[in-house]
Amino acid sequence: MFKLFSDWYTRKFSDPHAVTLVVILVCIALFIALFSNLLMPVFVAIALAFLLDLPVNKLMQSSMSRSSATVVVVVTFLSFSLLAVLGLMPIIWKQSSNLLQEVPHMISQGQGYLLTLPEKYPDFVHVSQIESFIVMVNDNLLEWGQVALRASLNSISDIVALMVYLILVPLMVFFFLKDKTELMSSIAHFLPKERRMAIKVSQEMNQQILNYIRGKVIEIIIVGASTTIAFIFLDLQYALLLGVLVGLSVLVPYVGATVVTLPVLLVALFQFGISSEFGYVMLAYGLIQAIDGNVIVPLLFSEAVNLHPVVIIIAVIFFGGLWGFWGIFFAIPLATLVKAVINAWPSIPGPAVTSES
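Calculation rules
- Residues numbered from 1 in each chain as written.
- Predicted model: local features only at pLDDT ≥ 70, side-chain atom pairs only at ≥ 80, totals over all residues.
- Heavy atoms only, no water.
- Bend = angle between axes of the 7 residues up to and from the residue.
- Helix = DSSP H or I, 4+ residues; strand = E, 2+ residues; numbered from the N terminus.
- Buried < 20%, exposed > 50% of the residue type's maximum accessible area, 1.4 Å probe, protein only.
- Core = buried A, V, L, I, M, F, W, Y, C linked by side-chain atoms within 4.5 Å.
- Domains from an automatic or database assignment.
- Contact = heavy atoms within 4.5 Å.
- Salt bridge = Lys/Arg side-chain N within 4 Å of Asp/Glu carboxyl O.
- Phe/Tyr/Trp six-rings, centres within 6.5 Å; stacked < 30°, edge-to-face > 60°.

1. Some remarks on helix H4 (residues 66-120)
Right, so step 1: Along H4, the sharpest change in direction is near 35 degrees and occurs at Glu102; proline Pro104 comes one to four residues later.
Right, so step 2: Where H4 is concerned, the buried positions are Arg66, Ala69, Thr70, Val73, Val74, Ile92, Gln95, Leu99, Met106, Leu117 and Pro118.

Below, the structure written as structure tokens:
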């Protein structure tokens with residue numbers, strides 16, 4: 001048994017570059033696990049810097065200095081972000097408030113419909129079953145309301161932190177872009193010299209993460225905008241709010257689309273009932289989801305993601321449980337990192353096993 005483990009260790013860890021890669025990955029994982037809550041603005045700034053690095057490089061190709069290109073890109077990004085927030089947030093907030101006010105009416109209407117089922121289908125549905133279901137739903141709604149109240153009270157302190165982040169994050173993005181070369185050199189100064197594999201994996205992941213972040217932003221915009229336009233055209237209430245939810249749902253592959261289907265279905269059902277309008281809304285929503293999964297995702301991520309759906313779901317569950325929202329957002333790049341490490345890992349063949357005939 002010891003010899004078996006010794007042979008495996010020799011094959012996998014005899015290369016000092018492999019040991020360096022393991023040490024770097026373990027240190028990064030521990031650092032994120034211990035300080036993720038404190039350094040979340042830094043991680044957000046790094047993600048935005050990855051997103052904006054491409055336009056900075058494009059401007060530098062037109063004989064513009066890196067500092068000037070960084071100023072142009074960051075100012076343009078902040079301007080568009082500010083316009084989007086000021087234009088969309090009031091409408092989203094109003095629609096969210098109206099929807100919350102409609103929830104009690106929707107619940108009452110749904111309970112009334114459920115109570116008619118025993119009369120329509122006495123052989124399949126009993127009054128006691130419906131009453132038990134209604135009690136369970138009411139208890140869960142009460143519990144969710146208490147959770148939402150506690151979250152709203154806790155969010156008061158988060159508003160102050162958010163205001164600080166709105167100042168710190170753009171500053172960090174600017175300096176990450178402007179001094180990218182100097183920062184990377186400073187980090188490399190503390191790393192061991194035997195880091196050939198680490199450089200290989202980092203180069204691959206740099207391109208993977210860049211493609212992934214850029215692709216996700218484009219996918220959110222396309223899916224959210226097309227869903228909002230379709231819902232407005234079909235005269236569905238809360239079209240902008242639902243469109244934003246559908247757009248953001250692409251952050252969590254497979255699971256997000258399943259979860260966001262429920263509010264879309266309920267709003268359409270309570271507004272139109274079982275009618276042709278309801279069918280048109282669900283048909284449009286289904287077409288957008290189909291186009292996203294079969295056209296948009298392959299076009300945007302054909303070079304960035306080559307993972308089995310089961311691997312993606314496991315990555316979302318695992319990294320989301322570790323690091324929350326950002327773990328979910330970066331679940332696919334992190335799974336791709338694991339795959340890149342496995343592919344790059346050296347394997348020294350062991351002694352050949354011969355058999356005598």
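2. Looking at the nonpolar core
Right, so step 1: Counting 27 residues, the largest nonpolar core has Leu21, Val201, Ile213 and Phe330 as its most contacted members.
Right, so step 2: Among the elements of the structure, helix H2 (16-35), helix H3 (40-61), helix H7 (196-233), helix H11 (309-329) and helix H12 (331-344) are those that each provide at least two residues to this core.
Right, so step 3: A per-element tally of this core places H7 first, with 7 residues.
Right, so step 4: Each of domain 1 (15-193) and domain 2 (195-344) gives at least three residues to this core.
Right, so step 5: Excluding residues within four positions of it along the chain, Phe330 makes contact with Ala47, Ile209 and Ile213.

3. Brief notes about unusual backbone geometry
Right, so step 1: Although it is not a glycine, Ser63 sits at a positive phi angle of roughly 60 degrees.
Right, so step 2: Relative to the helices and strands, Ser63 is located in the loop between H3 and H4.
Right, so step 3: A residue is classified by how much of its surface remains accessible, and Ser63, at 73% relative accessible area, is exposed.
Right, so step 4: A positive phi is found at Tyr238, a non-glycine position, where the angle reads about 55 degrees.
Right, so step 5: Of note, Tyr238 is situated in the loop between H7 and helix H8 (239-249).

4. Some thoughts on H8
Right, so step 1: In terms of residue burial, H8 counts as a mostly covered element, since 8 of its 11 residues are buried.
Right, so step 2: Those residues of H8 lying buried are Ala239, Leu240, Leu241, Leu242, Gly243, Val246, Gly247 and Ser249.

5. Thoughts on the pattern of salt bridges
Right, so step 1: Counted according to the given criterion, the structure contains 4 salt bridges.
Right, so step 2: Salt-bridge contacts for Asp53 lead to Arg66; the nearest nitrogen and oxygen are separated by 3.0 Å. In this pair, Asp53 sits in helix H3 while Arg66 sits in helix H4, placing the two residues 13 residues apart along the sequence. The same class applies to Asp53 as to Arg66, namely buried.

6. What about the packing of aromatic side chains?
Right, so step 1: This structure, assessed with the given rule, holds 1 aromatic pair.
Right, so step 2: Where Phe174 meets Phe175, the ring centres are 5.2 Å apart and the plane angle is 75 degrees; that geometry is what we call edge-to-face.
Right, so step 3: With relative accessibility at 42%, the residue Phe175 sits in the partly exposed group.

Geometric descriptors of this kind do not, in isolation, establish any biological role.
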